[in-house]
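# Notes for the structure review
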Amino acid sequence: MTGVEVRDLTKTYGRVTAVDHLSFTVRPGAVTAFLGPNGAGKTTTVRMMIDHVAPTSGGVTIGGRRYRDLPRPTRVVGAAFDVASFHPRHTAWDHLRIYATMGGHPGGRVPELLDLVGLAGVAGRRTGAFSTGMRQRLNLATALLGDPQVLLLDEPGNGLDPEGMTWLRSFLRGLADEGRTVLVSSHALGEMQQIADDVVVIRQGRLLGAGPLRELSGPAPAVLVRTPDGAALSRILARQARVEADGAGELRVRGLEAAAIADLAATHGLRVHGLTSERPSLERLFLDLTGERTNA
Ligand SMILES: Nc1ncnc2c1ncn2[C@@H]1O[C@H](COP(=O)(O)OP(=O)(O)OP(=O)(O)O)[C@@H](O)[C@H]1O
């Protein structure tokens, strides 16, 4: 299990402080959203994680070691940046073969990866003709060549259509469920809300908040209960939870998990037609932390 530890990381460019004494950890087995408005310092931080940019002070360890001390870094960390450069005449297949060779990774993984990211059907097409979404997918496949434990993805959702976003979300969830450490930087909060387990929020290079999304976003989210037996169920649930009825057959319940609500309804012979757990609002959390409007 390989986590990422950022310790007192600072980067200045002349008079600009891009990253300012930043400390946080990214744990394995979770998707961590790295959030901040444009220019907050996200890309600079991720680039320092993999030695693309030298810190002014502080540092980053991955599984307890600095990137440069990892014997085979691309087998441990896969990174993908927003503006990936592909040779326009190379096909997706060429691109991955070349990067596999450069990284010392088995070329046999190329077809499997093309399939995994949904590019098998266009493997022979030149990347010059690729859409942004296809580039993002190829970028991800490139990051995965070394089967790394840690994935650092800078704005992987940029340019994806809604279908592509749905795919990306389940793809990232799958990687985290395999026990990998998945850090995804984004300024598009809505996109991250449905996937992030943890969040790290920065502004002007400084940490504003970090931790599990559910903990950071305050009171427990409600469970929405669709029921034709609203009045009776409401009376029973109100003994243990806070219940609001909307008058249209839906109850909003705080203080009880969905399973407990279903059990109580069953015990009393009441009908439940739907149970939905609300996700905490990342946008609300973000606005609380940053005190500003975003373009999400
Ligand atoms: N090479 C550089 N030289 C000078 N300033 C830089 C350099 N790289 C980044 N910066 C500055 O550092 C700050 C942080 O930039 P960075 O790209 O890390 O932010 P970001 O959060 O990734 O933003 P975005 O969401 O727009 O990509 C910005 O003010 C940027 O102008």
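Here, the structure is the one placed above.
Now for a look at the structure at hand. None of these values were measured; they are calculated from a predicted model.

Reading guide: rules and limits
- Residues numbered from 1 in each chain as written.
- Predicted model: local features only at pLDDT ≥ 70, side-chain atom pairs only at ≥ 80, totals over all residues.
- Helix = DSSP H or I, 4+ residues; strand = E, 2+ residues; numbered from the N terminus.
- Contact = placed C-beta atoms within 7 Å.
- Pairing = 2+ DSSP bridges.
- Axes fitted to C-alpha atoms, helices over the stretch in contact; angles between N-to-C directions.
- Near = placed C-beta within 6 Å.
- Nonpolar A, V, L, I, M, F, W, Y, C, P; charged D, E, K, R; others polar.
- Parallel < 35°, antiparallel > 145°, perpendicular 65-115°, else oblique.
- Left-handed = near helix turned anticlockwise from the far one by under 90°.

Of regular secondary structure, the protein chain possesses eleven helices and 13 strands. If you line up the protein chain on its principal axes, its C-alpha atoms span 65 × 50 × 35 Å. Counted over contacts in the protein chain with a minimum sequence separation of 6, partners at least 24 positions apart contribute 70%.

Another aspect to go through is the sheet that holds strand E7 (residues 181–186). Here we have six strands laid out as an open sheet, ordered E5-E6-E7-E3-E8-E9, and mixed in their pairing. In the strand order of this sheet, the two ends are held by strand E5 (77–80) and strand E9 (206–212), each with one partner. Sheet twist, expressed as the average angle between the axes of neighbouring strands with direction ignored, equals 15 degrees. Bridge count for strand E3 (residues 30–35) against E7 is six bridges, and the pairing is parallel. Residue pairing for E7: Ala-33 is matched across the bridge by Val-184. Its contacts with the sheet put helix H5 (residues 132–143) on E5 and strand E6 (150–154), and the angle it makes with E5 is roughly 160 degrees.

Turning next to the site of the ligand. Close to the ligand lie Tyr-13, Val-16, Ala-18, Gly-36, Asn-38, Gly-39, Ala-40, Gly-41, Lys-42, Thr-43, Thr-44 and His-187. Here the element with the most residues in the shell around the ligand is helix H1 (residues 42–49); it accounts for three residues. A breakdown of the residues in the shell around the ligand according to their chemical character gives four nonpolar, seven polar and one charged.

Across the interface, helix H3 (residues 92–103) lies against H5 with an axial gap of 10 Å and an inter-helix angle of 25 degrees. Comparing the axis directions of H3 and H5 gives the class roughly parallel. Taken as a pair, H3 and H5 cross one another with a handedness that is right-handed. Contacts from Ala-92, His-95, Leu-96 and Tyr-99 in H3 reach Leu-138, Ala-141 and Thr-142 in H5. Within the contact of H3 with H5, the residues separate by chemical class into five nonpolar, two polar and no charged.

Such coordinate-based values are descriptive only and should not be taken to indicate function.
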